[in-house]
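Summary of the model geometry
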Amino acid sequence: MDKNFQEEFTQIIKFQPPLYKQRYQFVKDLVEKYKPKKVADLGCADCSLLWMLKFCSCIEVLAGLDICANVMKEKMHTLSPLPVDYLQPSERSLTVTLHHGSVAHKDPCMLGFDLVTCIELIEHLEESELKKFPEVVFGFMAPSIVVISTPNSEFNPLLPRVMLYRHPDHKFEWSQAQFQSWALETARCYNYSVEFTGVGHPPTGMEKVGFCTQIGVFVRKCPQTGESVQSEKPTEAVYKTVFKAVYPSLKDEKYLQNAVISEVVFTAQIIKHRLMSKRKEYGDDPERKPKSQPSMDYFPDHLGKLLVEKNMEPFVSGNEVYIPLTAIFSFPKVNRLCGTFEKLCKLIAGKVALSSDGSAVMLNIEHENEEN
C-alpha cells in the first residue's frame, strides 16, 4: 500500500450511514429475507439492535444477552410496550427478554432460536471464552442461522486515531484470512455453511483491504433433532433475567375481545349516523321519501349494494336503530378480526346491546330525534 495514499484516506474516510447502522440494517435485511420467528442477540449492549428488530412483523420472540447488566438496564425501557400498543394490539404476539450472562455458558433459555446475531462481540472475548463460544452457539443453541460481525484489522490503517485496536476492550482484531479460517473451521465442525461479506466499503482502488466490518453468515445444513438438544440441556439456568415484556396481542382472547367490541360499536355508529342523516334529509314528507328507498342511498355504493343483496338493511323501530350483525360482519376489519360469524357473536355476547333475538346491534336514537 502506498504510504501517501494511505495517509490521505486516513484523514477523510467517513461512513454514511454510520457503520453501526449499516451493521443493524444488514441484520434487518436478513430478517426480512428469512422471516425468523425467534431471534437472539448475543452481546446486545444498549439494546439498539433489539429495538430495531421489535418492529419486524415476523418476529414473535426477541432475547438479548450481555455480560454487563448495567448497560442493558440503562436502555431496556425502550423495549417496553407503548400506550398505543395497548390501544391497537398487533395481530402477532411478541415477547422481549433480556438476560445477564456470558456467551461462554450454556443456558436452556437460549434454545430454539431461528436466528442468533453476534454483532461486534467476539473481539471482546477472552481466549478461554472464545474457545467455548462455538460449542455454546453452534453446538448447544444450534440456530438455523448465525450472523457474526467483527472488525477487519486490515482496514485499521485507514481509520483516524486507530493505533492498535478500535476499542480499548478488544482482545484481538482479525484480518480477513484469520476470520475466514476460524469461521470455516467452526462451520465444518458443527455442520454449517458460511458465506462472507461485510459493510463499510474501502475507498476506490483499495478493494483488497476488504470491508471495514467483516461478516460471516452461517446457515445450518440440516435440522438438529430435539433429542440431541435435550441431551445437552443443563439442569439449571445460569443466566439472570433482568427484563421481560409481553406485548398485547390479538392472539390473546382478552385483547381480541376488546378490539372486536370497539370495532363493532364503531361500525354500528357509522351505519347509524348515515341512516339518521338520510332520514333527516328526507324528513316525513311522503313526496320526498320514496316508500321503497333502498339502503344503497344511505351508504357508499359498494356497501349499499352489499346490504341490499344480502338483506342486511338497518332499520328503525321507535327510539332504537337496529343494525344486523351480518351487516357489521361484512365490514373487512370486523371480518378479519373475528374470522367467523360465530366467533363474532361469542366475543360480543353480554358486552354489546343486542336485539331480543341477538341478530342485531341495538342503538338508541332518542338524542337524534330531539335534535330533529
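Notes on the structure follow. If you're wondering where the values come from, they're calculated on a predicted model, not measured in any experiment. (Residues numbered from 1 in each chain as written. Predicted model: local features only at pLDDT ≥ 70, side-chain atom pairs only at ≥ 80, totals over all residues. Heavy atoms only, no water.)

Here we come to the pattern of salt bridges. Counted by the stated rule, this structure contains 9 salt bridges. Across the pair E120 and R23 runs a salt bridge, and its minimum N-O distance is 3.7 Å. Remark: R23 occurs in helix α2 (residues 19-34) and E120 occurs in the loop between β4 (115-119) and α6 (127-141); sequence separation between them is 97 residues. Each member of the pair, E120 together with R23, is buried. Measuring nitrogen to oxygen at the nearest pair gives 3.9 Å for the salt bridge that ties K131 to E127. (Salt bridge = Lys/Arg side-chain N within 4 Å of Asp/Glu carboxyl O. Helix = DSSP H or I, 4+ residues; strand = E, 2+ residues; numbered from the N terminus. Buried < 20%, exposed > 50% of the residue type's maximum accessible area, 1.4 Å probe, protein only.)

With that settled, the discussion passes to the packing of aromatic side chains. Under the definition given, this model contains 15 aromatic pairs. Ring centres of F172 and W174 lie 4.7 Å apart, and the angle between their planes is 35°; on these two criteria the pair is classed as tilted. Across this residue pair, the class does not change: F172 and W174 are buried. Among the aromatic residues, ring-to-ring pairing joins F133, F172, W174, F179, W182 and F196 into one connected group. (Phe/Tyr/Trp six-rings, centres within 6.5 Å; stacked < 30°, edge-to-face > 60°.)

Each pocket or cavity is described by its volume, and for the largest pocket that value is around 920 Å³. For the largest pocket, the lining is made up of 37 residues, of which I119, E120, E123, H124 and H170 are closest to its centre. Elements represented by at least two residues in the lining of the largest pocket include exactly α2 and α3 (48-53). When residues of the lining of the largest pocket are assigned to their parent elements, the largest contribution, 4 residues, is made by α2. In this model, the second largest pocket occupies a volume close to 360 Å³. What lines the second largest pocket is a set of 14 residues, among which L87, Q88, P89, A259 and K333 lie closest to the centre. Secondary-structure elements contributing two or more residues to the lining of the second largest pocket are α5 (83-87), α9 (253-282) and α12 (332-338). (1 Å grid on protein atoms, 1.4 Å probe; cavity = no way out; pocket = protein on both sides within 12 Å on 5 of 7 lines; lining within 4 Å. Points joined across faces, edges and corners; volume = space filled by probe spheres on them.)

Take the sheet that holds strand β2 (residues 61-66) next. The strands making up a sheet associate through hydrogen bonds between their backbones, and the pairing can be parallel or antiparallel. Pairing in this open sheet of 8 strands is mixed, and the strands run β6-β7-β5-β4-β1-β2-β3-β8 from one edge to the other. Each end of this open sheet is capped by a strand with a single partner; those strands are β6 (192-199) and β8 (240-246). Strand-to-strand, the axes of this sheet are offset by a mean angle of 15°, without reference to chain direction. Examined bridge by bridge, strand β3 (residues 95-100) and β8 share 6 bridges and lie antiparallel to one another. Following the sheet pairing, L98 is matched in β8 by F243. This element, α6, spans β1 (38-42), β4, β5 (145-151), β6 and β7 (213-220) of the sheet and lies at about 160° to β5. (Pairing = 2+ DSSP bridges. Axes fitted to C-alpha atoms, helices over the stretch in contact; angles between N-to-C directions. Contact = heavy atoms within 4.5 Å.)

Between its first and last C-alpha, helix α7 (residues 176-189) extends 20 Å over 14 residues, near the 20 Å set by a 1.5 Å rise per residue. Considered for burial, the residues of α7 that qualify are F179, W182, A183, T186 and A187. Along the axis of α7, the buried residues cluster in a sector spanning 130°; they form a single face. Away from the buried face of α7 by more than 90 degrees, exposed residues A177 and R188 are located. Here the buried face of α7 lies against α6, β5, β6 and β7. Of the residues one or two after α7, N191 is the one with positive phi, at around 65°. (Expected span 1.5 Å × (residues − 1). Arc of directions from axis to C-beta.)

Turning next to the sheet that holds strand β11 (residues 360-364). Read across the sheet, 3 strands follow the order β9-β10-β11 without closing on themselves; strand pairing throughout is antiparallel. Each edge of the open sheet carries a strand with a single partner, namely β9 (315-317) and β11. Across the sheet, the axes of successive neighbouring strands diverge by a mean angle of 30°, strand direction being ignored. In the sheet, β9 pairs with strand β10 (residues 320-324) via 3 bridges, with the strands oriented antiparallel. The residue of β10 that forms the bridge with V316 is V321.

Residues M163, L164 and Y165 make up a contiguous nonpolar surface patch of roughly 380 Å² in combined accessible area. Following the sequence through the fold, Y165 ends up in the loop between β5 and α7. (Patch = residues over 30% accessible without salt bridge, like charges linked within 9 Å, V, L, I, M, F, W, Y side chains within 5 Å. Areas by Shrake-Rupley, 256 points an atom, 1.4 Å probe, with all protein chains shown as cover.)

By the secondary structure assignment, D107 is in the loop between β3 and β4. It is 7.5 Å that separates the C-alpha atoms of D107 and E236, two residues lying 129 residues apart in sequence. Within the structure, the side chain of D107 is placed 2.7 Å from the backbone nitrogen of Y239, a separation counted as a polar contact. (Polar contact = N/O pair within 3.5 Å; in protein donor to acceptor, adjacent residues only side chain to side chain.)

Turning to the pairing of β7, a few remarks are in order. Burial runs high along β7: 7 of the 8 residues are buried. By the bridge criterion, 7 bridges tie β5 to β7 in an arrangement that is antiparallel. In the strand pairing of β7, S149 is matched with I215. As defined by bridge partners, β6 adjoins β7 across 8 bridges and the pair is classed as antiparallel. Bridging across to β7, G198 finds its partner in Q214.

Core analysis: the biggest nonpolar cluster contains 41 residues, and V31, L53, I59, L98, V147, F155 and F243 have the highest contact counts within it. If you list the elements that add at least two residues to this core, you get α2, α3, β3, β4, β5, β7 and β8. Per-element accounting of this core gives the leading share, 6 residues, to α2. Within the second largest apolar cluster, 32 residues are counted, among which are A63, F113, F133 and Y192. (Core = buried A, V, L, I, M, F, W, Y, C linked by side-chain atoms within 4.5 Å.)

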